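Structure at a glance
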Amino acid sequence: MGLFILRRVGTMILTALCLTFIVFFLTNLYPNLEKLAKSEGNFRMTDVEVATFLSSNGYRSPVDPEVLAAYRSGQMTQEEASAQLNTGFDPRLLRNYAEWLGVAPGYVIETPSGEVNARCQAPGTALEEAPRFCGILQGKWGRSTVFKEPVGDVIGTRLALTGRLMLWVMLLMVPAALIVGVLAGMREGSPLDRSLSTFSIATTATPEYVSGVIFIAVFTSSAVGLKWFKGSATSAMEAPTFDNFFLPVLTIALYGMGYIARMTRASMAEVMSAQYIRTARLKGVSFSNIVLKHALRNALIAPFTVIMLQFPWLLNGVVIVESLFNYKGFGWTLVQAASNNDIELLLGVSVVSVIVVLVTQLISDIGYVYLNPRISVT
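The paragraphs below set out a description of the structure included in this document.

Regarding the state of the cysteines
Counted under the stated rule, the structure contains one disulfide. Paired through a disulfide, cysteine 120 and cysteine 134 show a sulfur-sulfur distance of 2.0 Å. Linking cysteine 120 and cysteine 134, the disulfide has an S-S dihedral of approximately -80 degrees and is accordingly described as left-handed. Of this pair, cysteine 120 sits in the loop between strand 2 (116-118) and helix 7 (151-186) while cysteine 134 sits in the loop between strand 2 and helix 7; the two residues are 14 residues apart in sequence, bridging distant segments of the chain. Given the relative accessible area of 12%, cysteine 120 is considered buried. Under the relative-accessibility criterion, cysteine 134 is labelled buried at 6%.

Details of the packing of helix 11 (residues 275-282) against helix 12 (residues 287-299)
Helix 12 packs onto helix 11 with a crossing angle of 165 degrees between their chain directions and a minimal axis gap of 10 Å. Taken together, helix 11 and helix 12 sit at an angle that is classed as roughly antiparallel. The two elements helix 11 and helix 12 cross, and the hand of that crossing is right-handed. Contacts between helix 11 and helix 12 pair Tyr276, Ile277, Ala280 and Arg281 from the former with Phe287, Ile290, His294, Ala295 and Asn298 from the latter.

Comments concerning the packing of aromatic side chains
Under the criterion given, the structure shown has 12 aromatic pairs. The structure contains a cluster of three or more aromatic residues connected by ring pairs, namely Phe215, Phe219, Trp228, Phe229, Phe242 and Phe246.

A closer look at the pattern of salt bridges
For side chains of opposite charge, pairing can occur when their charged atoms come near one another. Across all of its chains, the model carries six salt bridges by this definition. The partner of arginine 95 in a salt bridge is glutamate 99, and the shortest N-O contact between them spans 3.1 Å. Taken as a pair, arginine 95 and glutamate 99 lie in helix 6 (residues 92-101) at a separation of four residues, close to a single helical turn. Its salt-bridge partner being arginine 265, residue aspartate 193 comes within 2.7 Å of it at the nearest N-O pair. Residue aspartate 193 is located in helix 8 (residues 191-205), and its partner arginine 265 is located in helix 10 (residues 242-272); the two are separated by 72 residues in the primary sequence. Taken individually, aspartate 193 and arginine 265 each receive the classification buried, so the pair is uniform in this respect. Taken together, the shared-partner salt bridges connect Arg92, Arg95 and Glu99 into one network.

Thresholds, definitions, all that
- Residues numbered from 1 in each chain as written.
- Predicted model: local features only at pLDDT ≥ 70, side-chain atom pairs only at ≥ 80, totals over all residues.
- Heavy atoms only, no water.
- Disulfide = S-S within 2.5 Å.
- Helix = DSSP H or I, 4+ residues; strand = E, 2+ residues; numbered from the N terminus.
- Buried < 20%, exposed > 50% of the residue type's maximum accessible area, 1.4 Å probe, protein only.
- Axes fitted to C-alpha atoms, helices over the stretch in contact; angles between N-to-C directions.
- Parallel < 35°, antiparallel > 145°, perpendicular 65-115°, else oblique.
- Left-handed = near helix turned anticlockwise from the far one by under 90°.
- Contact = heavy atoms within 4.5 Å.
- Phe/Tyr/Trp six-rings, centres within 6.5 Å; stacked < 30°, edge-to-face > 60°.
- Salt bridge = Lys/Arg side-chain N within 4 Å of Asp/Glu carboxyl O.

Below is the structure:
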């Protein structure tokens, strides 16, 4: 088992490097960097000024000195200088990725105005006191341009809020889905099976933005609704109560519940028709003992994998629900980072998402081996 886990961890690290590099490459494309330069500087910046800003802050390679000198002396027009700029692939991208990871020393760049920009230098400290490496491996996740705070602090706060939401969703969704699936699969084709299967399909076929809007209209509207709950979960970030926290939990849980219930129902129906279950019936074993002692463990193998897959889905799939109920968690932060071109925050969110997906996959593989004795890790 130890060797199996080590192999899986090695594969996870390689996968994480590939995925984070793809995200880093996409977020550092020139149009995104140009938008970042103009939002941090001036929206009327010329192409040469944008390129100078990016090179001075370590995003791109330095502008050709001859082009820059000719543009500043008036020997070259703005259009001619813009045509000489490199807006495609920049070899510095690979170095920037290594610096961002923390496996290469942070840049120290002297700007045309004589100032020195250093990646690892904190504001108000001397350059000599700055460490050489300052990437995510050293816990330096950069600074958010939207929240004006360190990315690590922003993600930690928002992740805790979403973690609380995920916990209650899982506590509601998993037991309810397993009960529905087991009850439906125990007697395949019965009226109970058909009713529960119809319920499962209906919940899975209804997206969160539809069920969420319906719940808000029915349970929170002051005009025609029942006014049982609050339509906003903003107050739940500080003091969660049943009134302000139940609707977002129910909205997410219902959507995932149907899928798990359908998988459990199919697995349970297959197990109940197995030869060893028929033998147990012929020996006079009671129906409850057949279900609890013989069928349930084998029937839970397939749903276990599906349940583990719900964690990455919950982390990224709560975007709609958190935005709908104004709950400022991880999904809401992802929307803010993407819509405001906050590159450092977007990279930090991506790293957390990749880690969650890979870790849940590892737990799923280990649990599958434990539940299914026919699987060997040797």
